[in-house]
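The lines below spell out each chain.
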Amino acid sequence: MDEDWRRLLAEQTADIAQIKKEVHRVYKYIRGQRLLGYIKIAIIILTIVAGVVYLPPLIRNLVSQLSPLISK
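Residues numbered from 1 in each chain as written. Predicted model: local features only at pLDDT ≥ 70, side-chain atom pairs only at ≥ 80, totals over all residues. Heavy atoms only, no water.

S.K.: Any chance you could explain the overall build of the protein chain here in plain terms?
M.R.: Assigned secondary structure in the protein chain consists of one helix and zero strands. Relative to the compact-globule value of 11 Å for 72 residues, the protein chain shows a C-alpha radius of gyration of 31 Å, a clear excess of over 25%. On the principal axes, the C-alpha backbone points of the protein chain span a range of 105 × 15 × 10 Å. In the protein chain, which comprises 72 residues, the proportion classed as buried is 0%. (Helix = DSSP H or I, 4+ residues; strand = E, 2+ residues; numbered from the N terminus. Rg over C-alpha atoms; globule rule 2.2 N^0.38 Å. Buried < 20%, exposed > 50% of the residue type's maximum accessible area, 1.4 Å probe, protein only.)

S.K.: For this particular structure, what's the right way to read the pattern of salt bridges?
M.R.: A pair can form between side chains of opposite charge whenever their charged atoms are brought close. Tallied over the full model, the rule gives two salt bridges. A salt bridge links R7 to E11; the shortest N-O distance between them is 2.9 Å. Here the residue R7 and the residue E11 both occupy positions in helix 1 (residues 2-71), the gap between them amounting to four residues, near one helical turn. (Salt bridge = Lys/Arg side-chain N within 4 Å of Asp/Glu carboxyl O.)

S.K.: Explanation requested: a nonpolar patch on the surface in the structure shown.
M.R.: Together, I41, I45, V49, V53, Y54, L55, L58, I59 and V63 make up a nonpolar patch on the protein surface, roughly 880 Å² of accessible area in all. Within the element layout of this structure, I41 appears in helix 1. (Patch = residues over 30% accessible without salt bridge, like charges linked within 9 Å, V, L, I, M, F, W, Y side chains within 5 Å. Areas by Shrake-Rupley, 256 points an atom, 1.4 Å probe, with all protein chains shown as cover.)

S.K.: Hey, could you run me through the environment of A10 in this one?
M.R.: Residue placement: A10 occurs in helix 1. When its relative accessible area of 47% is taken as the criterion, A10 is described as partly exposed. A10 sits 17 residues away from Y27 along the chain, and the two C-alpha atoms are 26 Å apart.

Here it is, written out as structure tokens:
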């Protein structure tokens, strides 16, 4: 009976080690996906801010160049 318990304990130890490796991979994947999510949000916010800063002067210049053509 004692030998069965030792064998069972050894199998459980091996299974726990395997589960620990798999859980570590899952945590690593989740961490990577979270980082990529933050990077995507940063890119979206930066493009919106750049559009708000740079587009109005460009539109004003375009309108001022086209206004003589439109008024004729």
